[in-house]
Number of protein chains: 2
Amino acid sequence: MSLRHALLGLLSERPASGYDLLKLFETSLANVWPATQSQIYTELTKLAGTGLIAVTAEGPRGRKEYALTDEGMAELRHWLTETRPQRAVRSDMMLRVFFLGVLSPEQARGYLAELVDLSDQACEDLRGLMDSIDWEDGNLSVYGRMVLEYGLRFNAMRREWAQWAADLID
Amino acid sequence: MSLRHALLGLLSERPASGYDLLKLFETSLANVWPATQSQIYTELTKLAGTGLIAVTAEGPRGRKEYALTDEGMAELRHWLTETRPQRAVRSDMMLRVFFLGVLSPEQARGYLAELVDLSDQACEDLRGLMDSIDWEDGNLSVYGRMVLEYGLRFNAMRREWAQWAADLID
DNA sequence: ACAAGCATGTAAAGAGTTACATGATTAA
DNA sequence: TTAATCATGTAACTCTTTACATGCTTGT
């Protein structure tokens, strides 16, 4: 259950409201663990119910600011150190490649060319993100940059692969 | 809904039973779109209900062999050509990197070192898979190889990245 | 005779998506 | 005043996981 831990992780940096967290998911976490508004608010309520986070302030428009509790921090550390990461990754994009044989070679090449463009676009978006973020703070700054670098390398790799694969069809 | 299309895709190669498809998911598709036994049997029943596949033979032990219908093939082609692939990918592994700041530098380095090993292991597994598969047939042979090559490149990339990131902590 | 593997199915719970629903505050 | 943004919550549905449940066939 990674969403729970993503929220705990973000709150380990600083207290935040559901809305703040939603914005963080839309930017930094979107490429790693997307979540919807509905999901975030529901999970925050559960998390507060089990005492892993707590409401520390209320603002205008019913804004509720949550902060990590000691139990929440313990759970975050437990997740990071005592549980193995899931290796399973689903990729709709790659699943499609498996079945390109039902299309004409031209169509298959077209799909792979699309993946080249898509990867270029993703790289560009990540570079834009890199410039737009203010990297003032400590932890998320260092490790957030690492994840961004991963995204760039990943997309570069996929681009090269898709190019290679498209050329292979000829 | 990619599971549906993964099943249609596999059946486009040749007729198969739920059990056959389960084995295919455990090997070739495991790294791209994992699915459980329960999910596969349930989806096959639904797919047969809507006429995208049909039972073409029955064997011992209640074995039911399914084959793609014309409507099924049309749906598969429609999915491949008329719908955009989902760019969203969830990675528990990378999510954790975001929050390594709550651990000590030694622990963080340890996690990244683990990712190096994990990527090496995955590469080795893929190479084993490559050797174990009999690449006799047409479509899945060509495109299956492509996906395998992607897996190798992906793990090599991740290995290099994790090594770089671990070194960065010092 | 027995184990391994073949073969299917369902129930319950958890996770994720889409849509609906509401209302306050701020800046132009 | 009005549009944009801030802000939260719930309902319904779909997808995924885990567990339960059953029984046949083949090879040793």
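This structure is a prediction, so every number in the text was calculated from the model and none was measured.

The rules behind the values
- Residues numbered from 1 in each chain as written.
- Chains lettered and ligands numbered in written order.
- Predicted model: local features only at pLDDT ≥ 70, side-chain atom pairs only at ≥ 80, totals over all residues.
- Heavy atoms only, no water.
- Domains from an automatic or database assignment.
- Axes fitted to C-alpha atoms, helices over the stretch in contact; angles between N-to-C directions.
- Helix = DSSP H or I, 4+ residues; strand = E, 2+ residues; numbered from the N terminus.
- Parallel < 35°, antiparallel > 145°, perpendicular 65-115°, else oblique.
- Contact = heavy atoms within 4.5 Å.
- Nonpolar A, V, L, I, M, F, W, Y, C, P; charged D, E, K, R; others polar.
- Buried area = accessible area lost by both parts, 1.4 Å probe.
- Salt bridge = Lys/Arg side-chain N within 4 Å of Asp/Glu carboxyl O.
- Polar contact = N/O pair within 3.5 Å; in protein donor to acceptor, adjacent residues only side chain to side chain.
- Core = buried A, V, L, I, M, F, W, Y, C linked by side-chain atoms within 4.5 Å.
- Buried < 20%, exposed > 50% of the residue type's maximum accessible area, 1.4 Å probe, protein only.
- Pairing = 2+ DSSP bridges.
- 1 Å grid on protein atoms, 1.4 Å probe; cavity = no way out; pocket = protein on both sides within 12 Å on 5 of 7 lines; lining within 4 Å.
- Points joined across faces, edges and corners; volume = space filled by probe spheres on them.
- Arc of directions from axis to C-beta.
- Least-squares fit on C-alpha atoms with pLDDT ≥ 70 in both.
- Near = heavy atom within 4 Å.

**Topic: the domain arrangement of chain A**
How big an interface is tends to be stated in terms of accessible area lost as the parts join. Annotation of chain A at the domain level lists domain 1 (2-82) and domain 2 (92-168). Summarising the inter-unit geometry, the C-alpha centres of domain 1 of chain A and domain 2 of chain A are found 28 Å apart.

**Section: the packing of helix α1 (residues 2-13) of chain B against helix α3 (residues 37-49) of chain B**
Residue and element names in this part refer to chain B. At a minimum axis separation of 10 Å, α1 and α3 run at an interaxial angle of 80°. As judged from the angle between their axes, α1 and α3 are roughly perpendicular. Residue-level contacts link Leu-3, Arg-4, Leu-7, Leu-8 and Leu-11 of α1 to Gln-39, Ile-40, Glu-43, Leu-44 and Leu-47 of α3. Split by residue class, the contact of α1 with α3 holds seven nonpolar, one polar and two charged.

**Focus: the interface of chain B and chain A**
With 63 residues of chain B in contact, the opposing surface of chain A contributes 64 residues. Counting the surface lost from both chain B and chain A, the interface buries some 6,400 Å², and carbon and sulfur atoms represent 72% of this. In this structure, the connection of chain B to chain A is made through two salt bridges. The partner of Glu114(B) in a salt bridge is Arg84(A), with the nearest N and O atoms 1.8 Å apart. Connecting chain B to chain A are 20 residue pairs in polar contact (both at pLDDT 80 or more). The set of elements that each furnish at least two residues to the side of chain B that touches chain A consists of α1, α4 (70-82), α5 (92-98), α6 (105-132) and α7 (139-168) of chain B.

**A look at the nonpolar core**
Counting 100 residues, the largest nonpolar core has Val97(A), Leu112(A), Trp161(A), Val97(B), Leu112(B) and Trp161(B) as the members making the most contacts within it. Excluding its chain neighbours within four sequence positions, the residues that come into contact with Trp161(A) are Met94(A), Val97(A), Leu112(A), Leu115(A), Met146(B), Glu149(B), Tyr150(B) and Arg153(B).

**Some details on the sheet that holds strand β1 (residues 16-17) of chain A**
Residues and elements named next belong to chain A. Strand order in the open sheet formed by three strands is β1-β3-β2, with antiparallel pairing between adjacent strands. Of all the strands in the sheet, the pair left with one neighbour each is β1 and β2 (53-58). With two bridges connecting them, β1 and strand β3 (residues 64-68) associate as antiparallel partners. Opposite Ser-17, over in β3, you have Glu-65 as the bridge partner.

**Quick look at the layout of surface pockets**
If you add up the space inside the second largest pocket, you get close to 470 Å³. Lining the second largest pocket are 22 residues, and of these Trp33(A), Ala88(A), Arg90(A), Val89(B) and Arg90(B) lie nearest its centre. The residue inventory of the lining of the second largest pocket, partitioned by class, reads nine nonpolar, seven polar and six charged.

**Description of helix α2 (residues 18-26) of chain A**
All names here are of chain A. Every buried residue of α2 is accounted for by Gly-18, Leu-21, Leu-22 and Phe-25. Along the axis of α2, the buried residues cluster in a sector spanning 105°; they form a single face. Here the buried face of α2 lies against α1 (2-13), β1, α3 (37-49) and β3.

**Quick notes on the packing of α1(A) against α2(A)**
Residue and element names in this part refer to chain A. At a minimum axis distance of 11 Å, the contact between α1 and α2 shows a crossing angle of 105°. Here α2 runs roughly perpendicular to α1, going by the angle between their axes. Here α1 contributes Leu-3, Ala-6, Leu-7, Leu-10 and Leu-11 to the contact with α2, which in turn contributes Leu-21, Leu-24 and Phe-25.

**Digging into the sheet that holds strand β1 (residues 16-17) of chain B**
Reading across from one edge, β1-β3-β2 (chain B) is the order of the three strands in this open sheet, with antiparallel pairing throughout. Only two strands of the sheet have a single partner each, and these edge strands are β1 and β2 (53-58) of chain B.

**Looking at the relation of the copies chain B and chain A**
At an RMSD of 0.0 Å, chain B and chain A line up after a rotation of 180° and a shift of 0.0 Å along the axis. Such a combination of rotation and displacement between the chain copies is what one expects of a two-fold axis. Residue by residue, 100% of the interface of chain B is reproduced at the interface of chain A, so both copies engage with the same surface.

**Notes on the protein's contact with DNA strand D**
Taken together, 21 residues sit near DNA strand D, with Tyr19(A), Tyr41(A), Lys64(A), Met1(B) and Gln39(B) positioned nearest. The protein-proximal atoms of DNA strand D, defined as those within 4 Å of the protein, are 67% sugar or phosphate. Between Tyr41(A) and DNA strand D, the recorded distance is 2.6 Å, taken from a side-chain N or O atom to a phosphate oxygen. Arg63(A) has a polar side-chain atom sitting 3.0 Å from a phosphate oxygen of DNA strand D. Contributing elements (two or more residues each) for the surface near DNA strand D: α2 and α3 of chain A together with α3 of chain B. Tallying contributions element by element places α3(A) first for the surface near DNA strand D, with four residues. For the surface near DNA strand D, the per-class residue count stands at seven nonpolar, nine polar and five charged.

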